[in-house]
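# Close look at the chain arrangement
Listed below are the residues making up each chain.
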Amino acid sequence: MTPFECDDRPKEECGVLGIYLPEGDAARSAFFGLFALQHRGQESAGIAVSDGSRVRYHKDMGLVSQVFTPEALASLKGNMAIGHTRYSTTGASVLRNAQPVFCQSVVGEIAVAHNGNVINAQELRKEMEANGEHFDSTSDSEILARMLVRHLDRGPEAAVSEVMRRVRGAYSVTVVTPKLLIGFRDPSGIRPLTAGRLGEGYMIASETCAFGPVGGVPERELEAGEMVIVDKTGMRFARGHEKEPGGMCLFEFIYFARPDSTMHGTLLYSARERMGENLALEHPVEADIVVPVPDSGIPAALGYSRVSGIPFREGMTKSRYIHRTFIAPDQRMREMGVRMKLTPLVEHLAGQRVILVDDSIVRGTTTKQIVKLMFESGAKEVHVRITAPPIEFPCFYGIDMASRNELAAARMNLKELEAYIGCTSLGYLSIEGAVKSVGTRGKENFCLACFNGKYPIPVPENLTKDAFDTAPPSGDASAIAPGQLVLLDS
Ligand code: SF4
């Protein structure tokens, strides 16, 4: 963790996309598409392009706008491209782990962009190294890329099927070779991936919100265990592996994905409004105003307000200009914590009984600071309502949360947690309420492991050992460690 990653929200690992144009500048479209996926990763960004014979790439640490200067983009000539934004959960946050991963193969140079987490990475890496494979990075994505390369001589369908047979975990992937653009999703379908059209060409992206800015039209989500292959003959879908237990990460619906994206046919803004509605039904309370934690809590707060009849009121503003910075916070800034990000609207809060709506509680540190801010601004009561069910178990499928002993809901019962964060009352949406808010699919169509501990893809012991460490966390979880600045997501 760098000094700037002490945000108490779960973090998405990555965003991926792929562009195929019959002719033209695919890198430019990838660049604008990546802007729309910036929320899925802000540590590094990269684009790889094919001109039909060579694959070239540019990647660096930083935001999309920082990595791609006009000169860098101009150097990427070709009609096929893949792109990647990264937040690291496996492998250090260093340039050699930035993506796309670049490899030589029997079909020439290839580049691979991966969102997710390979849970049998250690075992596969050992086996591949024993067979003479050399790795340039410590990332699990390179293992997946080199596994693909090993089998490309049998054609793209066979190579992707072999990856799906051997690689366990969550992965939505885009690949560019000199002649092909490929996309595929793991057999449990945990991370999202959608294919569609882009004029006379095609597009693949983690989220539908990436299509609009470049003029693309999303057509359909890839199914679990499905691949899409694009070349000059068109776009074709093929099954790489039968569907396995699991399904889309419920957290994509609650928080990670952008509210203007559509998943399972549902606009996420609407799903989040329904989460607020169901939260009001499950946890009603008498109060004067419903206040969202901006920005992610806004749709749910509107839903809560609509069902409860209690007025919606903004209670704080969020700085638009604080996000990851490369300037170390000093002691004074650390003490300011959440105030760096949120400014209370004292006139709206003073003397009010507040229902505070937010999406999730991980360690509880941020919620505790926001509740304190509400009381300091004159609120009489603060009733916290959360659209994610209690997070009691760590995620091994590409989301950076915390180990079990750091998770507030695993360490404390409801009453203890209320006392810890200092609120008047606390209510979480149930798993059933969250799933119902998303649409008509049943619980079996989602990964719910961080809520119920039922991991759809068995997790090797070497990963669970640390994450399930039962030793109590040292010190007060609310303390801000030296070198850390508590920020909400940007
Ligand atoms: S464990 Fe939780 S965060 Fe991880 S994939 Fe499953 S639902 Fe998503």
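All residue numbers refer to position in the chain's written sequence, counted from 1. For this predicted model, a pLDDT threshold of at least 70 governs which residues receive local features, and a threshold of 80 or more governs which side-chain atom pairs are given and counted, while totals over whole chains, interfaces and linings are taken from all residues. Hydrogens and water are ignored here; the side-chain numbers use all heavy atoms of the structure.

### What to know about the site of the ligand
Surveying the vicinity of the ligand reveals the residues I190, R191, C249, L250, F251, C395, Y397, I399, M401, C447, A449 and C450. In this structure the site holding the ligand corresponds to the largest cavity. Helix and strand labels come from DSSP, where a helix needs a run of H or I of at least four residues and a strand needs a run of E of at least two; each type is numbered from the N terminus. Elements supplying a minimum of two residues to the shell around the ligand: helix 7 (250–256) and helix 16 (449–452). Just so you know the grouping, Ala, Val, Leu, Ile, Met, Phe, Trp, Tyr, Cys and Pro go in nonpolar, Asp, Glu, Lys and Arg go in charged, and all remaining residues, Gly too, go in polar. Tallied by class, the residues present in the shell around the ligand amount to eleven nonpolar, no polar and one charged. Neighbouring residues are identified by heavy atoms, a residue being near a molecule or strand if any of them is within 4 Å of it. As defined here, a cavity is a set of points on a 1 Å grid over the protein atoms alone where a 1.4 Å probe fits but cannot get out. A pocket is an open set with protein on both sides within 12 Å along at least five of seven lines, and residues line them when an atom is within 4 Å of a point. Any molecule with more than half of its atoms within 2 Å of a cavity's or pocket's grid points is counted as sitting in it.

### Quick look at the packing of aromatic side chains
Pairing of aromatic side chains requires ring centres within 6.5 Å, counting the rings of Phe and Tyr and the six-membered ring of Trp. Pairs whose planes differ by under 30 degrees are stacked, by over 60 edge-to-face, and all others tilted. The full count for this structure, using the stated rule, is 13 aromatic pairs. Judged by centre distance (5.0 Å) and plane angle (70°), the rings of F31 and F35 are edge-to-face. Of this pair, F31 and F35 both sit in helix 1 (residues 26–36), four residues apart, which is roughly one turn of that helix. Among the aromatic residues, ring-to-ring pairing joins F31, F32, F35 and F68 into one connected group.

### A short note on the side chain of E226
Relative to the assigned elements, E226 resides in strand 13 (residues 226–231). Using a 1.4 Å probe on the protein chains alone, a residue whose accessible area is under 20% of its type maximum counts as buried, one over 50% counts as exposed, and one in between counts as partly exposed. Note on E226: relative accessible area 7%, which makes it buried. Whenever two N or O atoms come within 3.5 Å, that pair is a polar contact, provided that in protein one can donate a hydrogen and the other can accept it, and provided that, for residues adjacent in sequence, both atoms are side-chain atoms. Among the polar contacts listed, one links the side chain of E226 to the side chain of R220, at a separation of 2.7 Å. For E226, the contacting residues outside a window of four places in its chain are M164, G183, F184, R185, R220, E221, F237, A238, R239 and G240. Throughout, a residue-residue contact means that at least one pair of heavy atoms, one from each residue, lies within 4.5 Å.

### So, helix 9 (residues 298–308)
Taken residue by residue, helix 9 has I298, P299, A300, A301, G303, Y304 and S305 as its buried positions. Of the surrounding elements, those touching the buried residues of helix 9 are helix 8 (268–282), strand 18 (289–292), strand 21 (353–358) and strand 22 (381–386). Among the residues trailing helix 9, G309 stands out with phi positive, at a value near 80°.

### As for the nonpolar core
The set of buried Ala, Val, Leu, Ile, Met, Phe, Trp, Tyr and Cys residues whose side-chain atoms join them within 4.5 Å is what this entry labels a nonpolar core. L250, F251, L356, Y397 and F451 are the most contacted members of the largest nonpolar core, which has 77 residues in total. Ranked by residue count, the leading element in this core is helix 7, at six residues. The source of the domain bounds is an automatic or database domain assignment. Looking at this core, you find at least three residues from each of domain 1 (11–244) and domain 2 (268–467). Among all residues touching Y397, those that are not within four sequence positions of it are G116, N117, I119, A170, I190, R191, C447, Y455, P456, I457 and V459. Core analysis: the second largest hydrophobic core is formed by 30 residues, M128, M164, V167 and I229 among them.

### Notes on the sheet that holds strand 10 (residues 194–198)
Taking strand neighbours across the sheet as the criterion, the seven strands line up as 4-3-5-2-11-10-12 in an open arrangement whose pairing is antiparallel. Both edges of this open sheet fall to strand 4 (55–61) and strand 12 (216–221), since each of them pairs with a single strand only. Neighbour to neighbour, the strand axes of the sheet diverge by 15° on average, direction disregarded. By the convention used here, strands pair only if DSSP detects at least 2 bridges between them. Alignment of strand 10 against strand 11 (residues 201–205), held across five bridges, turns out to be antiparallel. Its bridge partner being in strand 11, T194 is matched across the sheet by A205. Against the sheet, helix 1 contacts strand 2 (14–20), strand 3 (44–50), strand 5 (80–86) and strand 10, and its axis sits at roughly 25° relative to strand 5. Geometry is summarised by axes, namely lines fitted to C-alpha atoms with helices restricted to the contacting stretch, and by angles between N-to-C directions that run from 0 to 180 degrees.

### Side note on the sheet that holds strand 22
Spatially, the four strands line up as an open sheet ordered 18-21-22-24, and their pairing is parallel. The open sheet is flanked by strand 18 and strand 24 (425–428), the only strands paired with a single partner. Ignoring which end each strand starts from, the neighbouring axes of this sheet average 25° apart. Relative to strand 22, strand 21 runs parallel, the two being bridged by six bridges.

### Some words on empty space enclosed by the protein
Grid points are joined across faces, edges and corners, and a volume is the space filled by probe spheres set on the points. A full pass over the atoms with the stated rule returns four cavities of 30 Å³ or more. There is about 110 Å³ of room inside the largest cavity. Taken together, 17 residues line the largest cavity, and the ones lying closest to its centre are C249, F251, C395, C447 and C450. Mapped onto the lining of the largest cavity, the elements with two or more residues apiece are helix 7 and helix 16. Its residues placed into classes, the lining of the largest cavity shows 16 nonpolar, no polar and one charged.

### What about helix 4 (residues 121–130)?
For helix 4, the full list of buried residues reads A121, L124 and M128. Down the axis of helix 4, the smallest arc covering the buried residues is 70°, so these residues share one side. With respect to the buried face of helix 4, the exposed residues turned more than 90 degrees away are K126 and A130. Contact partners of the buried residues in helix 4: strand 7 (108–118), helix 5 (140–151) and helix 6 (156–166). G132 sits one or two residues past helix 4 and shows a positive phi near 95°. The reported arc concerns the directions from the helix axis to the C-beta atoms and nothing else.

### Side note on the environment of L73
With respect to the secondary-structure elements, L73 resides in helix 3 (residues 70–74). Sequence separation between L73 and A27 is 46 residues, and the spatial gap between their C-alpha atoms is 6.7 Å.

### Focus on the packing of helix 5 against helix 6
Between helix 5 and helix 6, the least distance of the axes is 8 Å, while the angle of their chain directions is 135°. With respect to helix 6, the element helix 5 is oriented oblique. Helix-helix and strand crossings are classified by hand; for helix 5 and helix 6 the assignment is right-handed. Here L144, M147, L148 and H151 of helix 5 lie close against helix 6, whose contacting residues are A159, V160, E162, V163 and R166. In these notes the angle categories are as follows: under 35 degrees is roughly parallel, over 145 is roughly antiparallel, 65 to 115 is roughly perpendicular, and the rest is oblique. Left-handed describes a crossing whose near helix is turned anticlockwise from the far helix through less than a right angle; right-handed describes the clockwise counterpart.

### Brief notes about the pattern of salt bridges
When a carboxyl oxygen of Asp or Glu lies within 4 Å of a side-chain nitrogen of Lys or Arg, that pair is called a salt bridge. Tallied over the full model, the rule gives 29 salt bridges. E157 is the partner of R236 in a salt bridge, and the nearest nitrogen-oxygen pair spans 3.1 Å. With R236 in strand 14 (residues 234–239) and E157 in helix 6, this pair connects stretches of sequence that are 79 residues apart. For E157, a relative accessible area of 28% puts it in the partly exposed group. E223 is paired through a salt bridge with R239; the nearest N and O atoms lie 3.0 Å apart. Of this pair, E223 sits in the loop between strand 12 and strand 13 while R239 sits in strand 14, and the two are 16 residues apart along the sequence. For E223, a relative accessible area of 43% puts it in the partly exposed group. The class of R239 is partly exposed, set by a relative accessible area of 42%. What you see here is one network of salt bridges that share partners, running through E133, D136, E142, R146 and R150.

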